[in-house]
Amino acid sequence: MAVCIAVIAKENYPLYIRSVPTQNELKFHYTVHTSLDVVEEKISAVGKSIGDQRELYLGLLYPTEDYKVYGYVTNSKVKFVIVVDSSNTSLRDNEIRSMFRKLHNSFTDVMCNPFHNPGDQIQSRTFDGIVSGMMVQTA
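The name an unreviewed UniProt entry gives the chain is Trafficking protein particle complex subunit 2-like protein, with Neogobius melanostomus as the organism. Quoted verbatim from the Subcellular location (unreviewed entry) heading of the UniProt record, the comment on the chain is "Cytoplasm, Perinuclear region". Per its UniProt entry, the chain bears the Sequence similarities (unreviewed entry) comment "Belongs to the TRAPP small subunits family. Sedlin subfamily."

Rendered as structure tokens:
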């Protein structure tokens, strides 16, 4: 399961970042922001290729010693970043894809809320509950 989940706006500012454990929160902010360069690189590479440009899942952005960082971009250029623990070898690519799909559907529900202003921080309890379900449970 994930140790950090972030939603980044089109203009590269965070709409939502949640991490477990919370004492490493600054480290995860740094990890998410450094991954944005790789996301931009992959988006520009996809734009130049003739292949299927509807592929939203970017795959593994980069591995570090402790974590693996995965990326996903919506059609409106909102970026989702999921950081998982490198020691979790049982997590497969299709499970990461389904996590992103679930996150995207929940994000769409938040954006469809008439009381939410696009571009504001996400403060939905429902969205927070879905993200909590994807996070590593600490005992």
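So that's the structure; there's more coming.
Student: Explain helix α2 (residues 93–111) to me, using residue names and the numbers behind them.
Tutor: An ideal rise of 1.5 Å per residue puts 27 Å on 19 residues; α2 measures up with 27 Å between its terminal C-alpha atoms. Within α2 the residues assigned to the buried category are I96, M99, F100, L103, H104, S106, F107 and V110.

Student: Residues and numbers for the packing of aromatic side chains, please.
Tutor: Counted under the stated rule, the structure contains 6 aromatic pairs. Ring geometry for Y16 and F127: centres 4.9 Å apart, planes at 90°, overall edge-to-face. Of this pair, Y16 sits in strand β2 (residues 14–19) while F127 sits in helix α3 (residues 125–134), placing them 111 residues apart in sequence. Given the relative accessible area of 8%, Y16 is considered buried. When the centroid spacing of 5.1 Å and the interplanar angle of 65° are considered together, the rings of F28 and Y67 count as edge-to-face. Taken together, the positions of F28 in helix α1 (residues 25–48) and Y67 in strand β4 (residues 67–73) put the pair 39 residues apart, joining distant regions of the chain. Exposure class is identical for F28 and Y67. Each is buried. Linked through ring pairs, Y57, Y72, F80, F100 and F107 together constitute an aromatic cluster.

Student: Before we move on, can you summarise the pattern of salt bridges with the specific residues and values?
Tutor: On inspection of all chains with the given rule, the structure shows 4 salt bridges. Across the pair K79 and E40 runs a salt bridge, and its minimum N-O distance is 3.7 Å. With K79 in strand β5 (residues 79–85) and E40 in helix α1, the pair connects residues that are 39 residues apart, well separated along the chain. Under the relative-accessibility criterion, K79 is labelled buried at 2%. The class for E40 is partly exposed, based on a relative accessible area of 34%. As a salt-bridge pair, D93 and R97 come within 3.8 Å of each other at their nearest N and O atoms. Of the two residues, D93 and R97 are both situated in helix α2; the distance of 4 residues between them amounts to about one turn of the helix.

Student: Go over the environment of T108 with me, naming the residues and quoting the values.
Tutor: One can find T108 in helix α2. Exposure remark for T108: the relative accessible area of 34% places this residue in the partly exposed category. T108 sits 10 residues away from S98 along the chain, and the two C-alpha atoms are 15 Å apart.

Student: Tell me about the pairing of strand β1 (residues 2–8), and please be specific about residues and values.
Tutor: Looking along a regular strand, one sees the side chains alternate between the two faces of the sheet. Burial of β1 is extensive: 7 of the 7 residues sit out of reach of the surface. Of the strand pairs in this sheet, β1 and β2 are connected by 5 bridges, and their pairing is antiparallel. Paired with V7 across the bridge in β2 is Y16. Count of turn residues in the β1/β2 antiparallel hairpin: 5 residues, of which N12 carries a positive phi of about 70°.

Student: Requested: an account of the packing of α2 against α3, with residues and values cited.
Tutor: Relative placement of two packed helices is described by the angle separating their axes and the distance separating the axes. At a minimum axis distance of 10 Å, the contact between α2 and α3 shows a crossing angle of 170°. The orientation of α2 with respect to α3, classified from their angle, is roughly antiparallel. Residues M99, K102, L103, S106, F107 and V110 of α2 form the contact with α3, whose participating residues are F127, I130, V131 and M134.

Basis of the calculations
- Residues numbered from 1 in each chain as written.
- Predicted model: local features only at pLDDT ≥ 70, side-chain atom pairs only at ≥ 80, totals over all residues.
- Heavy atoms only, no water.
- UniProt positions renumbered as here; feature names shortened; annotations may be inferred.
- Helix = DSSP H or I, 4+ residues; strand = E, 2+ residues; numbered from the N terminus.
- Expected span 1.5 Å × (residues − 1).
- Buried < 20%, exposed > 50% of the residue type's maximum accessible area, 1.4 Å probe, protein only.
- Phe/Tyr/Trp six-rings, centres within 6.5 Å; stacked < 30°, edge-to-face > 60°.
- Salt bridge = Lys/Arg side-chain N within 4 Å of Asp/Glu carboxyl O.
- Pairing = 2+ DSSP bridges.
- Axes fitted to C-alpha atoms, helices over the stretch in contact; angles between N-to-C directions.
- Parallel < 35°, antiparallel > 145°, perpendicular 65-115°, else oblique.
- Contact = heavy atoms within 4.5 Å.

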